Amino acid sequence: MAIDVRDDLAPTGVLRASINLGNPVLAQGTPGQPGGVTVDIARELARRLEVAVEFVCFTAAKQSFEALTDGRADLGFLAIEPARADQVAFTPPYVIIEGVYAVPDGSPITTPAEADREGVRIGVKEGSAYDLFLTRTLRHATLIRSAEGVDVFRDEQLDAGAGIRKPVEEFVARTPGTRVVPDRFMEIRQAVATPKRHPDTTIWLSEQIENLKATGFVAAALKASGRLDAMVAPLSD
């Protein structure tokens with residue numbers, strides 16, 4: 001690794017990692033003691049850079065993204081989205097997560113396509129990867145944004161609530177009268193993101209992520225945090 005990559009990625013001498021504690025698949029714990037696959041990856045990247053790591057924690061992807069764009073963080077962990085790609089650079093994905101809907105038991109919605117109809121209201125977590133995806137792809141349904149998609153679905157008696165599969169399944173398990181639409185409406189590709197850097201920095205980061213996948217590091221981190229609902233992303237061609 002050239003020294004300029006370290007200086008470019010961690011100009012303060014500390015790798016400041018933006019962690020989204022609002023996504024329990026990727027991060028758990030508290031701001032003072034975060035854990036999970038993203039925390040493990042950030043620590044390992046800092047070790048390879050030979051710098052200290054500092055965690056800047058948030059409860060939503062939107063906040064985590066803003067920390068990257070306003071200079072409070074050097075790298076973060078976000079879903080690959082075209083709406084974000086003009087401001088940050090992405091590595092290849094390290095994990096893949098499925099987005100699904102929760103609906104009332106008596107709902108006629110049995111597939112994701114059936115949710116995209118006039119008059120259908122879908123709860124979604126504002127600024128999340130699935131908010132961006134559904135904003136881009138839905139043609140007829142209306143999105144109702146809130147702090148949590150499934151909560152606003154329940155509280156306002158909407159037609160559907162969007163979210164990550166495991167948390168949605170957990171919501172349905174504790175919420176009588178609801179069920180999960182089995183098929184995913186999107187595949188969320190989670191990657192490491194940084195503010196636009198020197199090309200060598202993005203190349204180095206991408207190589208590290210591919211190595212962490214290939215050596216089993218990502219799989220072990222997911223297992224250690226008990227999050228087997230995410231799949232390790234395939235190696236890039």
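Residues numbered from 1 in each chain as written. Predicted model: local features only at pLDDT ≥ 70, side-chain atom pairs only at ≥ 80, totals over all residues. Heavy atoms only, no water.

### Considering the overall build of the protein
Within the protein, the secondary structure is distributed over 10 helices and 12 strands. A compact globule built from 237 residues would reach a C-alpha radius of gyration of about 18 Å, and the protein, at 18 Å, matches this within 12%. The principal-axis extent of the C-alpha atoms belonging to the protein is close to 60 × 35 × 35 Å. Pairs at least 24 residues apart make up 70% of the contacts formed inside the protein by residues separated by at least 6 positions. Summing over all exposed atoms, the protein offers an accessible surface of approximately 10500 Å²; the carbon and sulfur share of this is 51%. Separation between the mean location of the 26 positive side-chain charges and that of the 33 negative ones in the protein comes to 2 Å. (Helix = DSSP H or I, 4+ residues; strand = E, 2+ residues; numbered from the N terminus. Rg over C-alpha atoms; globule rule 2.2 N^0.38 Å. Contact = heavy atoms within 4.5 Å. Areas by Shrake-Rupley, 256 points an atom, 1.4 Å probe, with all protein chains shown as cover. Lys, Arg positive; Asp, Glu negative; His and termini not counted. Charge placed at Lys NZ, Arg CZ, Asp CG, Glu CD.)

### A look at the layout of surface pockets
Where empty space is left can be seen by rolling a probe of water-molecule size over the atoms. Volume-wise, the largest pocket comes out at about 410 Å³. Taken together, 29 residues line the largest pocket, and the ones lying closest to its centre are Gly22, Asn23, Lys125, Tyr130 and Ile164. Of all elements in the fold, only strand 5 (75–79), helix 6 (129–137), helix 7 (149–155), strand 9 (160–164), helix 8 (165–174) and strand 11 (186–195) reach the threshold of two or more residues within the lining of the largest pocket. (1 Å grid on protein atoms, 1.4 Å probe; cavity = no way out; pocket = protein on both sides within 12 Å on 5 of 7 lines; lining within 4 Å. Points joined across faces, edges and corners; volume = space filled by probe spheres on them.)

### Some thoughts on the pairing of strand 8 (residues 142–146)
Here strand 7 (residues 121–125) pairs with strand 8 via five bridges, running parallel. Residue glycine 123 lies in a different strand from strand 8, and its bridge partner there is isoleucine 144. Read as a crossover between parallel neighbours, the route from strand 7 over helix 6 to strand 8 is right-handed. (Pairing = 2+ DSSP bridges. Right-handed = clockwise from strand over helix to strand, strands pointing away.)

### Quick look at helix 8
Listed in full, the buried residues belonging to helix 8 are Arg165, Val168, Phe171 and Val172. One face of helix 8 carries all of its buried residues, which in axial projection span an arc of 125°. Counted as exposed and oriented over 90 degrees from the buried face of helix 8: Ala173 and Arg174. Summarising the contacts, the buried residues of helix 8 are in contact with strand 6 (88–104), helix 7, strand 9 and strand 10 (178–180). (Buried < 20%, exposed > 50% of the residue type's maximum accessible area, 1.4 Å probe, protein only. Arc of directions from axis to C-beta.)

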